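Summary of structural features
So the chains spell out like this:
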Amino acid sequence: MLVVVHEDYGAMSKKGAEIIASRIRRKPNLVLGLATGSTPVGLYKEIIRLHKSEGLDFSKVITFNLDEYIGIPPEHDQSYHYFMRENLFKDININPSNVHVPHAMFGDLNISSFETDPKIVQFCEWYENEIKKYGGIDIQVLGIGGNGHIAFNEPGSSLGSRTRIKTLTEKTVKDNSRFFKSVKEVPRYAITMGVGTIMEARELLLLANGDGKADAVKAAVEGPITAMCPASALQLHQKAIILTDKKAAAKLSAEFVTYG
Ligand code: F6R
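The text that follows walks through the structure, step by step, so that each part is easy to find. (Residues numbered from 1 in each chain as written. Predicted model: local features only at pLDDT ≥ 70, side-chain atom pairs only at ≥ 80, totals over all residues. Heavy atoms only, no water.)

**Some words on the packing of helix H1 (residues 9-26) against helix H2 (residues 41-54)**
This is how the line gets drawn: Helix axes use the C-alpha atoms of the stretch in contact, all axes being lines fitted to C-alpha atoms, and the angles between their N-to-C directions lie in the range 0 to 180 degrees. Counting from the N terminus, the helices are the DSSP runs of H or I reaching at least four residues and the strands are the DSSP runs of E reaching at least two. Working definition: roughly parallel below 35 degrees, roughly antiparallel above 145 degrees, roughly perpendicular at 65 to 115 degrees, and oblique for all remaining angles. Less than a right angle of anticlockwise turn of the near helix away from the far helix marks a crossing as left-handed, whereas a clockwise turn marks it as right-handed. Contacts are assigned to residue pairs that have any heavy atoms within 4.5 Å of one another. Each residue is assigned to one of three groups, with Ala, Val, Leu, Ile, Met, Phe, Trp, Tyr, Cys and Pro labelled nonpolar, Asp, Glu, Lys and Arg labelled charged, and all others, Gly among them, labelled polar.
Remark: H1 packs on H2, axes separated minimally by 8 Å, with the N-to-C direction vectors making an angle of 50°. As far as their axial angle goes, H2 and H1 are oblique. Considering how the two elements wind past one another, H1 and H2 form a crossing that is right-handed. Of H2, the residues touching H1 (which contributes Tyr9, Ser13, Lys14, Gly16, Ala17, Ile20, Ala21 and Arg25) are Val41, Gly42, Leu43, Glu46, Ile47, Leu50 and Glu54. By residue class, the composition of the contact of H1 with H2 is eight nonpolar, three polar and four charged.

Shown next as C-alpha cells:
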C-alpha cells in the first residue's frame, strides 16, 4: 500500500487524474471503477481538463460505479446517476453504452426480506457478471467514509462481500444529509459493490481529504485488518494507492507516509 500525502486537495486531485490518464493512455479500453461524493469532484474536474486540453480519449473506456441509493430515480439531483452525468460524463467523450451505474428503482420492497428480493438479487448478479464480461476492473477509484466505509460497505460488512443491498448506518445518513434538504430525505438503503468485488480490481486508488477523514485513514492504513473498518482491506491489496491531503494524513505515523 502506497500512501502519498499532498499539500492540499488540488494537488491530490491532480495526482489522481494523472494516474488515471496514464492508465487510459496505456490501455484505451480501460475498465475504470468510479466513486461519487465530494472527494472525487476535483479529480473529475482535472480529468475533464485533461480531456479538453490534452485530448484524453474516453471513447473506448468502460466505467462501473460503486453504488447507488435505492429508490431515487436517475434524474433526481442526489442520485449517483445524476452526479456522474453532471460531474464527469457530460464533459468527456464517453460512450453512454459503456457506462454502468447500479440500477436502484425496484418498486415496492419488503424491508424485512429485501436481501433476498429476486429483482435485487438478479440485478446484483448481473452487475458482477457485467464486470467479469469486460475482463474485470483495471483501476477502481474510492473515497472513504468517516467511519471507514468504502462504497456503501459499512463497518461490519464482510471483507469478502459482493454487490448487494446494504442498509446505511446512522453516521452515513447524517454525513450524507448535507446534500439533501433534510435528514429525513436521505435514503436508508443502497446497492453497492462488495469489499470482495472491490478487492478484485487490479489497482485501487483511494482519495481522502480533510480533518474528518483523519481517523478513518489512520485505521485503514495502520489499524488491524477488520470488517469494522472496511477500508483496512486495502492493506491486503497488491496495488493500492492512497492519495491524501495533509489534513487527512495528520494522524498517520511517519513510516507509513511518502510526500507527493
Ligand atoms: C460514493 C462512495 C462512498 C464515498 C464516501 C466518502 O460512491 O462510495 O463510499 O466515497 O462516503 O464520501 P465523501 O467523498 O462525500 O466524503
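Let's pick the thread back up.
**A closer look at the pattern of salt bridges**
This is how it is decided: Think of a salt bridge as a Lys or Arg side-chain nitrogen and an Asp or Glu carboxyl oxygen that are within 4 Å of each other.
Applying the stated criterion to the full structure yields 16 salt bridges. One salt bridge connects Glu200 with Arg162, and the closest N-O pair in it is separated by 2.9 Å. Placement of Glu200 in the loop between helix H6 (195-199) and strand S9 (203-208) and of Arg162 in the loop between strand S6 (139-142) and strand S7 (164-167) is noted, with a sequence separation of 38 residues between them. Of the charged contacts in the structure, one is a salt bridge between Asp175 and Lys171, with a shortest N-O distance of 3.2 Å. Note that Asp175 and Lys171 are positioned in helix H5 (residues 170-176) at a spacing of four residues, about one turn of the helix. Each of Lys27, Asp138 and Arg202 takes part in one network of salt bridges that share partners.

**A closer look at the nonpolar core**
Basically, it comes down to this: We define the nonpolar core as a collection of buried residues of types Ala, Val, Leu, Ile, Met, Phe, Trp, Tyr and Cys that are connected through side-chain atoms lying within 4.5 Å of one another. Only protein chains enter the accessibility calculation, which uses a 1.4 Å probe; a residue is then buried when its area is under 20% of its type maximum, exposed when over 50%, and partly exposed in between.
Ranked by size, the top nonpolar core spans 75 residues in total, and within it Leu32, Tyr44, Phe58, Leu88 and Val141 carry the most contacts. Apart from the residues within four sequence positions on either side, Leu32 is in contact with Ile20, Phe58, Val61, Ile62, Thr63, Phe64, Ile139 and Val141. If you look at the next biggest cluster of nonpolar residues, it comprises nine residues, including Ile72, Tyr80, Leu168 and Phe180.

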